[in-house]
Amino acid sequence: MRTALLISALAALSVAGMVAPGATRPKSPEPALTESGTVMATFHVVPGKEADFEHLLVREWDVYTKGKLVLDQPDIIVRGKEADGKTYFVHIFTWVDHATPGHPPASVRAVWQSMVPLVEARNGHPNMEVTEVQLVATKS
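We now turn to the structure provided with this report. (Residues numbered from 1 in each chain as written. Predicted model: local features only at pLDDT ≥ 70, side-chain atom pairs only at ≥ 80, totals over all residues. Heavy atoms only, no water.)

Some remarks on the packing of aromatic side chains
Where two aromatic rings form a pair, the distance of their centres and the angle of their planes describe that pair.
Link 1 in the chain: The full count for this structure, using the stated rule, is eight aromatic pairs.
Link 2 in the chain: Ring centres of Phe43 and Phe53 lie 4.9 Å apart, and the angle between their planes is 50°; on these two criteria the pair is classed as tilted. On the criterion of sequence distance, the pair formed by Phe43 in strand β1 (residues 38-44) and Phe53 in helix α1 (residues 50-66) is long-range, its members being 10 residues apart. Considered together, Phe43 and Phe53 belong to a single accessibility category, that of buried residues.
Link 3 in the chain: Both rings, one in Tyr64 and one in Trp95, keep their centres 4.8 Å apart while their planes meet at 55°; by these two values the pair is tilted. Within this pair, whereas Tyr64 is found in helix α1, its partner Trp95 is found in the loop between β3 (87-94) and α2 (106-115), the two being separated by 31 residues in sequence. For the pair Tyr64 and Trp95, one class covers both residues: buried.
Link 4 in the chain: Cluster of aromatic residues (ring-pair linked, three or more members): Trp61, Tyr64, Phe93, Trp95 and Trp112. (Phe/Tyr/Trp six-rings, centres within 6.5 Å; stacked < 30°, edge-to-face > 60°. Helix = DSSP H or I, 4+ residues; strand = E, 2+ residues; numbered from the N terminus. Buried < 20%, exposed > 50% of the residue type's maximum accessible area, 1.4 Å probe, protein only.)

What follows is the structure, encoded as structure tokens:
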């Protein structure tokens, strides 16, 4: 997996859309954003599919950057374990245009569809979740 900036204080993000806990996942993931454009996506990866999912995250970012859909700044990817030992990934980045998630190009829709078989609903959460966030600088 390519080098990614890791921030331990962050948890939970996704491309499936803003979904309340316990909601069913949409058949075609299409995130919705309001003002910030910065999102934190959480993916609950099917056990045994972690390497495939990491590869897909690299492909996803490549599609976003080549299409100039995200800000020219590092994205953040973290990997963690839930209480039951199952893996989740969190991806944090900022869209250039707030409308992109609701009207993604075909290349983005294809990547999002490729993610669906690699993730699962878990512990009352859908397979993929997206939350708008604001990046906060720490004082040193």
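Things to note about the nonpolar core
Where a protein is soluble and globular, its nonpolar side chains tend to be buried together.
Link 1 in the chain: Ranked by size, the top nonpolar core spans 25 residues in total, and within it Phe43, Phe53, Tyr64, Trp95 and Met115 carry the most contacts.
Link 2 in the chain: Going through the elements one at a time, β1, α1, β3, α2 and β4 (128-132) are the ones with two or more residues in this core.
Link 3 in the chain: Looking at this core, the element that brings in the most residues is α1, giving six residues.
Link 4 in the chain: Excluding residues that lie within four positions of it along the chain, Phe53 makes contacts with Phe43, Val45, Phe89, Met115, Leu118 and Val119.
Link 5 in the chain: Grouped together as the second largest cluster of nonpolar side chains are six residues, Met40, Val78, Val90 and Val133 included. (Core = buried A, V, L, I, M, F, W, Y, C linked by side-chain atoms within 4.5 Å. Contact = heavy atoms within 4.5 Å.)

Let's talk about the sheet that holds β4
Link 1 in the chain: Here four strands make up an open sheet; going across it, the order is β2-β3-β1-β4 and the pairing antiparallel. Since the sheet does not close on itself, it has two edges, and those belong to β2 (76-81) and β4, each with one partner. Averaged over all neighbouring strand pairs, the angle between strand axes comes to 20°, with direction disregarded.
Link 2 in the chain: Of the pairings in the sheet, the one linking β2 to β3 comprises six bridges and is antiparallel in character. Pairing of Ile76 across the sheet is with Ile92, part of β3.
Link 3 in the chain: Contacts between α1 and the sheet are confined to β1, β2 and β3, with β3 contributing the most and set at about 10° to the helix. (Pairing = 2+ DSSP bridges. Axes fitted to C-alpha atoms, helices over the stretch in contact; angles between N-to-C directions.)

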